[in-house]
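Examination of the molecular architecture
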Amino acid sequence: MKIATFNINGVNRRLEVLLDWLATAEPDVVCLQELKATDSQFPKTAIEAAGYGAVWRGQAAWNGVAILARDSEPILTRAELPGDPADTQSRYIEAAVNGILIASLYAPNGNPQPGPKFGYKLAWHELLRLHAAELLATGLPVVLAGDYNVVPEPRDIYPTRSYDDNALVQPESRAAFRRLLDQGWLDALRKIYPEEQLFTFWDYRRNRWQRDAGLRLDHVLLSRKLTRRLNGAGIDRDVRGVDGASDHAPVWITLRD
DNA sequence: ATGTCACTTCACAAGTGA
């Protein structure tokens, strides 16, 4: 079973990129982030025609998350992170697919820091941590996949000082991600590639793609029950290089049956 | 501060978010 996460940066603007990648990569489950589309603007018909059932939570202009399942309808379990009813940003969706609970999440970027946006980022991560603990307590096999907007370690970014003040690399951001892992989640890409340089995002500016000046922001976390089924993983970097690409590449794992 | 996109609106230019 192949499970992928892809920050699409506008699902309609990049529909051809998405459909081409689905046809080539053939993932069984896809977590999408940054749909930048309302619920009614979601390209349901095209995605169905490609062979995928879907659940989604859109939003005008920003955010928006979805879960796609090949030849199957995901069973929606949640469309928001519990804990802050006043939060209207569409950043979390959760569904059951083929006996696995899948979450597609898009954590706040948090820039500029310090400031209210950084505060929101840290508060959101705290709510994620609380909910993730609930998910672990169910004993179900769970995958938390998405754009965490955290560079976990210094080696997960190209050598530079230009991000020193960025919310993505702050100690508080890293601590939030670390606390989540310490609950008992496995960073699947790092498990498969313990030493390699892993990037999933390259800013559009300053030729960062051409220079391979990337960051690792997109992560697939597995509950303990799933860790022994982990079989392989990858980053589809070519997808970042096509015309009209997202600024993120798809990230995937495979699980043994 | 910059750069590159996409998308919004007191809408064809300027802002905002990333």
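Residues numbered from 1 in each chain as written. Chains lettered and ligands numbered in written order. Predicted model: local features only at pLDDT ≥ 70, side-chain atom pairs only at ≥ 80, totals over all residues. Heavy atoms only, no water.

**Comments concerning the protein's contact with DNA strand B**
Residues in close proximity to DNA strand B total 13 residues, the closest being Arg13, Lys117, Tyr204, Arg205 and Arg206. When the atoms of DNA strand B within 4 Å of the protein are grouped by moiety, sugar and phosphate amount to 55% of the total. Residue Arg13 places a side-chain N or O atom 2.9 Å away from a phosphate oxygen belonging to DNA strand B. Side-chain polar atom of Lys117 to a phosphate oxygen of DNA strand B: 3.1 Å apart, as the coordinates give it. Of the residues that constitute the surface near DNA strand B, the class distribution is 4 nonpolar, 1 polar and 8 charged. (Near = heavy atom within 4 Å. Polar contact = N/O pair within 3.5 Å; in protein donor to acceptor, adjacent residues only side chain to side chain. Nonpolar A, V, L, I, M, F, W, Y, C, P; charged D, E, K, R; others polar.)

**What about the nonpolar core?**
Residues Ile102, Val143, Leu215, Val220, Leu222 and Ile253 are the most contacted members of the largest nonpolar core, which totals 42 residues. Membership of the second largest hydrophobic core comes to 23 residues, among which are Val11, Leu35, Ala37 and Ala54. (Core = buried A, V, L, I, M, F, W, Y, C linked by side-chain atoms within 4.5 Å. Buried < 20%, exposed > 50% of the residue type's maximum accessible area, 1.4 Å probe, protein only.)

**Thoughts on the packing of aromatic side chains**
Per the counting criterion, the structure on display carries 5 aromatic pairs. With centroids separated by 4.2 Å and ring planes inclined at 15°, the aromatic side chains of Phe42 and Trp56 adopt a geometry described as stacked. One end of the pair, Phe42, is in the loop between strand S2 (29-33) and helix H2 (44-49); the other, Trp56, is in strand S3 (residues 52-57), and 14 residues separate them in sequence. Taking the relative accessible area as the measure of exposure, Trp56 reaches 22% and is therefore partly exposed. Residues Trp202 and Trp209 carry aromatic rings whose centres are separated by 4.8 Å and whose planes lie at 85° to one another, so their mutual orientation is edge-to-face. Using a relative accessible area of 22% as the deciding quantity, one classes Trp209 as partly exposed. The ring of Trp252 carries Lys2 above its face, with NZ or CZ at 4.6 Å from the centroid. (Phe/Tyr/Trp six-rings, centres within 6.5 Å; stacked < 30°, edge-to-face > 60°. Helix = DSSP H or I, 4+ residues; strand = E, 2+ residues; numbered from the N terminus. Lys NZ or Arg CZ within 6 Å of the ring centre and 35° of its normal.)

**Considerations on the pattern of salt bridges**
For the structure on display, the rule yields 14 salt bridges. A salt bridge links Asp164 to Arg161; its shortest N-O distance comes to 2.5 Å. Take Arg161: its relative accessible area is 67%, and that puts it in the exposed class. For Arg178, the salt bridge is made with Asp182, and the minimal N-O distance between the two is 3.4 Å. Residue Arg178 and its partner Asp182 are located together in helix H4 (residues 171-182), separated by 4 residues, close to a single helical turn. The network of salt bridges with shared partners includes Asp156, Asp187, Arg190 and Arg216. (Salt bridge = Lys/Arg side-chain N within 4 Å of Asp/Glu carboxyl O.)

**Focus on the sheet that holds strand S9 (residues 186-187)**
Sheet architecture is open: 6 strands sit in the order S5-S6-S7-S8-S10-S9, paired in mixed fashion. This sheet does not close on itself; its edge strands, each paired only once, are strand S5 (75-78) and S9. Where S5 and strand S6 (residues 92-97) come together, 3 bridges link them in antiparallel fashion. Bridge pairing in S6 links Arg78 to Glu94. With respect to the sheet, helix H3 (residues 116-138) is in contact with S5, S6, strand S7 (100-106) and strand S8 (142-147), its orientation differing from that of S6 by roughly 20°. Sheet contacts for H4: S9 and strand S10 (218-222); angle to S10, the most-contacted strand, approximately 20°. (Pairing = 2+ DSSP bridges. Contact = heavy atoms within 4.5 Å. Axes fitted to C-alpha atoms, helices over the stretch in contact; angles between N-to-C directions.)

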